[in-house]
Amino acid sequence: MNFPPPTPFPPLILDDIKGAQKMLSGVSRVTAMEGSRHLSDRVGAPVQFKCENLQRTGSFKLRGAYVRIAGLSPVERAAGVVAASAGNHAQGVALASALLGVRSTVFMPVGAPLPKVAATREYGARVRLHGHVVDETMAAAQEYAHETGAVFIHPFDHPDIIAGQGTVGLEILEQCPEVRTIVVGIGGGGLAAGIAVAVKAIRPDVRIVGVQAAGAAAYPPSLAAGHPVSVGSLQTMADGIKVGRPGDVPFALIRDLVDEVRTVSEDELSSALLLCLERAKMVVEPAGASPVAALLSDPKSFRGPVVAVLSGGNVDPLLMQRILTHGMSAAGRYLSLRLRLTDRPGALATMLAVLSVADANVLDVSHVRTDPRLGLTEAEVELHLETKGPEHCEEVAEALRGAGYLVMN
């Protein structure tokens with residue numbers, strides 16, 4: 001299917017974002033700003049969270065979707081709208097359409113988390129599952145728009161979308177006028193571009209740092225090339241910023257206005273999500289935790305006060321469970337090891353007593369007696385332990401060695 005070339009758009013300016021802010025009054029929430037003592041201590045300056053995870057639909061996406069759909073003509077509204085998304089944009093479009101009385105169809109990947117599919121339907125959209133990756137889903141939605149006349153609502157590549165997301169930047173300046181650095185996750189670039197336009201027009205001295213997952217980082221090579229380029233394999237738990245090519249409209253703004261784009265690893269993302277949950281009592285999805293991951297990875301490189309944008313909190317409970325386990329492991333709070341002991345009555349209880357004295361919490365024990373590698377009187381035990389951190393892991397291992405056990409990590 002051949003689609004028409006993209007329409008050239010006039011440059012986005014501060015007045016567009018101020019207009020979007022008026023349009024969103026009474027629709028989107030002015031989300032809270034919450035301080036983080038732990039990160040403030042690490043950075044050496046005040047750090048605050050801009051809590052878009054507490055926005056209606058659980059992410060900032062409602063802002064842009066509402067502004068885009070509200071700007072449609074009566075004829076366009078009558079034709080309905082269509083979108084493609086794995087979750088957050090889907091819910092934003094669904095709720096915005098319902099509020100404006102516009103019929104909406106949302107294409108979602110076949111493997112989209114069931115809670116996100118259910119929420120999108122509950123907001124009033126007709127959901128169609130198609131494709132296994134977002135690119136396939138996007139193509140299906142664009143073809144549907146071409147066939148039916150419905151207006152395709154792009155998740156990031158349109159000035160109205162970016163203007164709506166830019167209202168986050170205006171709120172940051174109002175809530176934290178002394179801010180010196182804003183850290184924000186980047187997928188296609190709509191949120192970072194909108195914040196950059198708003199903030200740089202009022203406070204050009206504020207440093208804006210974008211963050212991408214290292215396994216889905218299209219912006220660094222695109223910025224190096226001077227134009228959007230596609231990256232092939234996308235491997236990250238942060239599906240909210242798992243985008244293979246920057247949008248043309250946000251790319252130009254990010255290139256000119258964002259000071260730096262960094263990448264973070266999967267371990268850093270899971271550790272950041274764990275910190276948000278434990279220390280800030282915030283449920284945040286991996287994409288929303290990406291600014292926190294950047295702060296944790298190099299805390300002394302940020303000038304404060306710092307605002308980290310928690311862009312969304314829509315995380316599937318099963319994925320959350322896996323991520324938290326991964327995060328605890330990355331933080332050195334899980335220890336897995338194998339050891340040999342004499343196969344006699346009470347041997348296992350004696351070994352567990354050593355762990356009790358070392359203050360390690362035993363999560364799982366696997367006891368093997370029949371293995372050709374073992375001697376006649378030997379047994380092998382595999383342990384999964386909860387610990388207090390990397391130093392405690394080494395203390396536990398040393399306690400077992402000191403008690404005469406052969407420890408094999």
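### Some points on the overall build of the protein
Looking only at helices and strands, the protein features 16 helices and 14 strands. In terms of principal-axis extent, the alpha carbons of the protein reach across some 85 × 45 × 40 Å. Scored against the burial criterion, the 409 residues of the protein give a buried share of 55%. Nonlocal contacts in the protein, meaning residues at least 24 apart in sequence, comprise 72% of its contacts between residues at least 6 apart. Per element, the accessible surface of the protein, about 17,600 Å² overall, is 53% carbon and sulfur.

### Re the sheet that holds strand S6 (residues 151-152)
Strand order in the open sheet formed by 4 strands is S5-S4-S3-S6, and the pairing between neighbours is parallel. Here the strands that pair on one side only, and so sit at the sheet edges, are strand S5 (126-129) and S6. In this structure, strand S4 (residues 104-108) lies alongside S5, joined through 4 bridges in parallel fashion. Of the residues in S5, the one forming a bridge with valine 106 is valine 127.

### Notes on empty space enclosed by the protein
Per the stated rule, a full pass over the model turns up 1 cavity of 30 Å³ or more. There is about 40 Å³ of room inside the largest cavity. Lining the largest cavity are Pro113, Lys116, Asp239, Glu285, Pro286, Asn314, Val315, Asp316 and Leu319. Considered class by class, the residues forming the lining of the largest cavity number 4 nonpolar, 1 polar and 4 charged.

### Notes on the side chain of serine 40
When you line up the elements, serine 40 lands in helix H2 (residues 37-43). You can call serine 40 buried: its relative accessible area is 17%. Filtering out sequence-adjacent residues up to four positions away, serine 40 remains in contact with Ala45, Pro46 and Val47.

### Structural notes on the environment of alanine 379
Considering the arrangement of structural elements, one finds alanine 379 in strand S13 (residues 378-386). When its relative accessible area of 0% is taken as the criterion, alanine 379 is described as buried. Linking alanine 379 and alanine 347, residues 32 residues apart in sequence, is a C-alpha distance of 9.6 Å.

### Details of the pattern of salt bridges
Within the structure shown, the criterion is met by 14 salt bridges. Two residues, arginine 262 and aspartate 298, come together in a salt bridge whose shortest N-O distance is 3.9 Å. Of this pair, arginine 262 sits in strand S9 (residues 260-264) while aspartate 298 sits in the loop between helix H13 (286-297) and strand S10 (306-310), and the two are 36 residues apart along the sequence. With relative accessibility at 16%, the residue arginine 262 sits in the buried group.

Procedures and definitions
- Residues numbered from 1 in each chain as written.
- Predicted model: local features only at pLDDT ≥ 70, side-chain atom pairs only at ≥ 80, totals over all residues.
- Heavy atoms only, no water.
- Helix = DSSP H or I, 4+ residues; strand = E, 2+ residues; numbered from the N terminus.
- Buried < 20%, exposed > 50% of the residue type's maximum accessible area, 1.4 Å probe, protein only.
- Contact = heavy atoms within 4.5 Å.
- Areas by Shrake-Rupley, 256 points an atom, 1.4 Å probe, with all protein chains shown as cover.
- Pairing = 2+ DSSP bridges.
- 1 Å grid on protein atoms, 1.4 Å probe; cavity = no way out; pocket = protein on both sides within 12 Å on 5 of 7 lines; lining within 4 Å.
- Points joined across faces, edges and corners; volume = space filled by probe spheres on them.
- Nonpolar A, V, L, I, M, F, W, Y, C, P; charged D, E, K, R; others polar.
- Salt bridge = Lys/Arg side-chain N within 4 Å of Asp/Glu carboxyl O.

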